[in-house]
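What the coordinates show
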Amino acid sequence: MAMLFARSRNLVSSLRQNLGLSAILIKRNHSSPRPVFTNYQLSSRVFLDPSTSFRHESTAVETQPDLVQQSDHEDDAQELDFPGGKVGYTSEMKFIPESSSRRIPCYRVLNEHGKIISDRDFIPVSEKLAVRMYEQMATLQVMDHIFYEAQRQGRISFYLTSVGEEAINIASAAALSPEDVVLPQYREPGVLLWRGFTLEEFANQCFGNKADYGKGRQMPIHYGSNQHNYFTVSSPIATQLPQAAGVGYALKMEKKNACAVTFIGDGGTSEGDFHAGLNFAAVMEAPVVFICRNNGWAISTHISEQFRSDGIVVKGQAYGIRSIRVDGNDALAVYSAVRSAREMAVTEQRPVLIEAMTYRVGHHSTSDDSTKYREADEIQYWKMSRNPVNRFKKWVEDNGWWSEEDESKLRSSTRKQLLQAIQAAEKWEKQPLTELFNDVYDVKTKNLEEQEVGLKALVEKQPQDYPTGFHI
Amino acid sequence: MASLLGRFCRKLVVPGSAHGSRMISTTACDSEAVKSLNLYSAINQALHIALETDPRSYVFGEDVGFGGVFRCTTGLAERFGKNRVFNTPLCEQGIVGFGIGLAAMGNRAVVEIQFADYIYPAFDQIVNEAAKFRYRSGNQFNCGGLTIRAPYGAVGHGGHYHSQSPEAFFCHVPGIKVVIPRSPREAKGLLLSSIRDPNPVVFFEPKWLYRQAVEEVPEHDYMIPLSQAEVIREGNDITLVGWGAQLTVMEQACLDAEKEGISCELIDLKTLLPWDKETVEASVKKTGRLLISHEAPVTGGFGAEISATILERCFLKLEAPVSRVCGLDTPFPLVFEPFYMPTKNKASSSSSLSSPLKKKHYLIMGLHVWCRYWMQSSPLLITSHSICFFR
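A quick note: this is a predicted structure, and the numbers were derived from the prediction, not measured.

Parameters at a glance
- Residues numbered from 1 in each chain as written.
- Chains lettered and ligands numbered in written order.
- Predicted model: local features only at pLDDT ≥ 70, side-chain atom pairs only at ≥ 80, totals over all residues.
- Heavy atoms only, no water.
- Helix = DSSP H or I, 4+ residues; strand = E, 2+ residues; numbered from the N terminus.
- Contact = heavy atoms within 4.5 Å.
- Areas by Shrake-Rupley, 256 points an atom, 1.4 Å probe, with all protein chains shown as cover.
- Pairing = 2+ DSSP bridges.
- Axes fitted to C-alpha atoms, helices over the stretch in contact; angles between N-to-C directions.
- Salt bridge = Lys/Arg side-chain N within 4 Å of Asp/Glu carboxyl O.
- Polar contact = N/O pair within 3.5 Å; in protein donor to acceptor, adjacent residues only side chain to side chain.
- Nonpolar A, V, L, I, M, F, W, Y, C, P; charged D, E, K, R; others polar.
- Patch = residues over 30% accessible without salt bridge, like charges linked within 9 Å, V, L, I, M, F, W, Y side chains within 5 Å.
- Buried < 20%, exposed > 50% of the residue type's maximum accessible area, 1.4 Å probe, protein only.
- Core = buried A, V, L, I, M, F, W, Y, C linked by side-chain atoms within 4.5 Å.
- pLDDT = per-residue confidence, 0-100.
- Expected span 1.5 Å × (residues − 1).

Turning next to the overall build of chain A. For chain A, the helix and strand inventory stands at 13 helices and nine strands. Within chain A, residue pairs in contact and separated by at least 24 positions form 74% of the contacts whose partners lie at least 6 positions apart. Only carbon and sulfur atoms are counted for the fraction: they give 51% of the accessible area of chain A, which is about 22,000 Å².

Below, the discussion takes up the sheet that holds strand E11 (residues 264–268) of chain B. All names here are of chain B. Pairing is mixed across the open sheet formed by five strands, whose spatial order is E9-E11-E10-E13-E14. Each edge of the open sheet carries a strand with a single partner, namely strand E9 (230–233) and strand E14 (323–327). Mean inter-strand twist for the sheet, computed between neighbouring axes without regard to direction, equals 25°. Taken together, the five bridges between strand E10 (residues 238–242) and E11 define a ladder with parallel strand orientation. The residue of E11 that forms the bridge with Leu 240 is Leu 266. Packing against the sheet, helix H11 (residues 302–314) makes contact with E10, strand E13 (290–297) and E14, and its axis sits at approximately 160° to E13.

For the rest of this paragraph, the subject is the interface of chain B and chain A. Counting residues at the interface gives 45 residues for chain B and 45 residues for chain A. Summed over the shared surface of chain B and chain A, the result is three salt bridges. Lys 446 of chain A is the partner of Glu 278 of chain B in a salt bridge, and the nearest nitrogen-oxygen pair spans 3.9 Å. Taken together, the links from chain B to chain A amount to 17 residue pairs in polar contact (both at pLDDT 80 or more). Taken together, the elements giving at least two residues each to the side of chain B that touches chain A come down to helix H3 (92–104), helix H4 (123–130), helix H5 (133–136) and helix H10 (277–287) of chain B. Broken down by element, the residue count for the side of chain B that touches chain A peaks at nine residues, all from H3 of chain B. Of the residues in the side of chain B that touches chain A, the class split is 19 nonpolar, 15 polar and eleven charged.

This next bit is on the sheet that holds strand E4 (residues 108–112) of chain B. All names here are of chain B. With respect to topology, seven strands assemble into an open sheet ordered E3-E2-E4-E5-E7-E6-E12, the strand pairing being mixed. The open sheet has two free edges, formed respectively by strand E3 (85–87) and strand E12 (271–273), since each of these has just one partner strand. Within the sheet, the average angular offset between the axes of one strand and its neighbour, ignoring direction, is 20°. Packed on one face of the sheet, helix H7 (residues 184–196) meets E4, strand E5 (146–152), strand E6 (177–179) and strand E7 (201–206) and runs near 165° to E7.

On to a nonpolar patch on the surface, then. Residues and elements named next belong to chain A. Together, Leu 80, Phe 82, Val 87 and Tyr 89 make up an exposed nonpolar region whose accessible area comes to about 350 Å². Secondary structure elements with two or more residues in the nonpolar patch: strand E1 (74–82) and strand E2 (85–90). Relative to the elements of secondary structure, Tyr 89 occurs in strand E2. Tyr 89 gets classed as partly exposed once you look at its relative accessible area, which sits at 33%.

Judged by nonpolar contacts, the single largest core of 90 residues is most densely connected at Leu 269 and Ile 306 of chain B. Val 182, Ala 203, Val 289 and Trp 402 of chain A belong to the second-largest nonpolar core, a separate cluster that totals 78 residues.

Time to look at the confidence of the model for chain B. All names here are of chain B. Predicted confidence across chain B gives a mean pLDDT of 88, with 83% of residues reaching 70 or more. Contacts from residues 1–13, a stretch scored under 50 in pLDDT, to residues over four places away or in other chains number 27 contacts. Low confidence marks residues 16–26, where pLDDT is under 50. Its contacts with residues over four positions away, or in another chain, come to 23 contacts. At the level of chain-chain contacts, confidence expressed as ipTM amounts to 0.86, with global pTM at 0.87.

Another point: helix H9 (residues 246–259) of chain B. All names here are of chain B. For H9, built from 14 residues, the straight-helix expectation of 20 Å at 1.5 Å per residue is met to within 8% by its first-to-last C-alpha distance of 20 Å. In terms of residue burial, H9 counts as a mostly covered element, since twelve of its 14 residues are buried. Inspection of H9 places Gln 246, Leu 247, Thr 248, Val 249, Met 250, Glu 251, Gln 252, Ala 253, Cys 254, Leu 255, Asp 256 and Ala 257 among the buried residues, and these make up the whole buried set. Along its buried surface, H9 packs onto E9, E10, E11, E13, helix H13 (344–348) and helix H14 (351–354). Taken from the residues just after H9, Gly 261 is the one with a positive phi, measuring 85°.

Spelled out as structure tokens, the structure:
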């Protein structure tokens, strides 16, 4: 707990903070409860690029220097014993301030011009990995653009983009292992893209055709793939967080070299399920990485209307969860942070919270026009000057790993592939009508069988009332 | 008389276990070992068996570690370890959400909500997540291993927040099952079925019966099928449908009615979602009258669904409107509980039971008996005059 003690006994000045620390305020916890499981070493590491090695310790946790200024009133030889352990006491009445005088700083590796800031803590990324990451970020951009246009043309009913958040999507996915189970919110299709979901598969879900794994039951962008360990997206916000705690616990019990990774936006952290998810993960000591995409907006609600804390990173400590704030538009920083967090989660069997700072460049969805509640200049600024894809591109290009030729080749071929995927998805057969009634339960129940019979008879009798193409 | 047989000072007799009614039971044969157990012990036994037979099963919730506030989880943590049987923070949405996550990974999560009155924070997880988990994913994922147990119903002194019967909310949710046992033997078998059913199940336990109901319960591992109602008392004049603790009340009403020469058929629904329409339909087609009773408030209660369905299926066989003897449309009151509850006397005095077709009428009005049989075979010829006559 970051206790800030004032030097003066004066009550007014006791509310003045006395901060000397600039680093992450984490205290190494020596009095943790007896762990249920012993730590185990990773026997093998499954990463995409085995040639990389760690340049720093996996547990980049700051020990807290003694920033507790001993005041004359404190007698720390005396401790009070309460349920929850011993706690020192003071006869000076001090309120912990509502916020630190300084916000928690943001971890970044690359500056805005794509240059590595200094030889700091980061996990190096090989050419192969970097090029793949960049390609996928660019692919995500193209995919978002084309599907968005397809919705505008009336070809799909709905879409939402991840514009501005490509680095979070791709770099986090790149830092995970394929066995890590992902529970997304809805603005993380890049994670699924990275894992191998094809553009055709994305298109099929958006069109709800016969090839859609979700069988046409949900709106577009509600992707899911058990093959890729990516839980199906559901619209309610933050419901995935306590589920992620359960998934993490299951992986722990199975002694898998894997963790649960779950995403949430800034708005979602106001939901009760955020509290439930973090608290359960902490108490159950479940290997879960919580990644919050703080993009500044929850539809039209700015973060100033969402919470009064210093963002989300400070909330981690309230649950006993190690946390970090990272520049979400810096692919290398996201990669390092997520990879480190994942290691911590798996080897130490604990949850970790990452707050990735970013900006939602696009509208909330195709049902939204964000110029109604924010300045067009603001959007433009983030789109152009703070673009995560361009920033990473500069670094990749500076290394001589990417050229303009590669760029135009990638963009045009991806665009072509997407247009073909959309055309093909549009032409695919629709789901057979029986899929309306399947999977409500494992086996169709009697009432559903009766309703299916009744509906089929009705459709045959009055086909003009119903859309065509659904095989009965 | 009413107070003696009333809810609050009687020795509980488990419905269907005596009084010469033929029990169509699917549980143990006589040679199996049985033990006299109350409801919480039977549930405890079921949980022991569930955890024993599936190493990937878990039991958790508030206070389950020491045995639970109703002792349903006694001995589990000691026997199976704190990794599998553990307390959770006080957070129902977290309990159910965590359970969904565990179940989605192929485990069985038997979660406890301390009182059904506190299930609502988990309603979003149950309705929007658990119920739709399989359907929305195209069967790529499911959380069928999830079972949510919660004590429900009146206990004599529970008031607003320790007496609720929220089953109707959940019966409106495609994708989950709702199961309510009436007795210790039923509870053990139904709970094991619920835990092993590949769909998320909400299992309401009548808390009134935790200690009050004692029954011979087979010691072995047995399951009672879901979505199969049971005729626990056969009769010819009227069908009574209920579940849980209310069946003991209804059985008393049946006994009283028998003294007046009315033969009652009593059905335990057991599973409310999906419910066994066929058994109730067959019974009402035989008797021509239906009375449904539940503690939950009458408006929007599950009795309305049964009534509407039976009306659709048995309209021409019905000799009287379907009766519902239920709780009042108020929050569950404390001092007024005896007035609120659907007691046996309320059942006895309901229109369906109070004016049935009495056997002696047949003897007196021979011609009309003949008309009745004739009308049964030619239902279209029933006239309003005839219906009034036989009311």
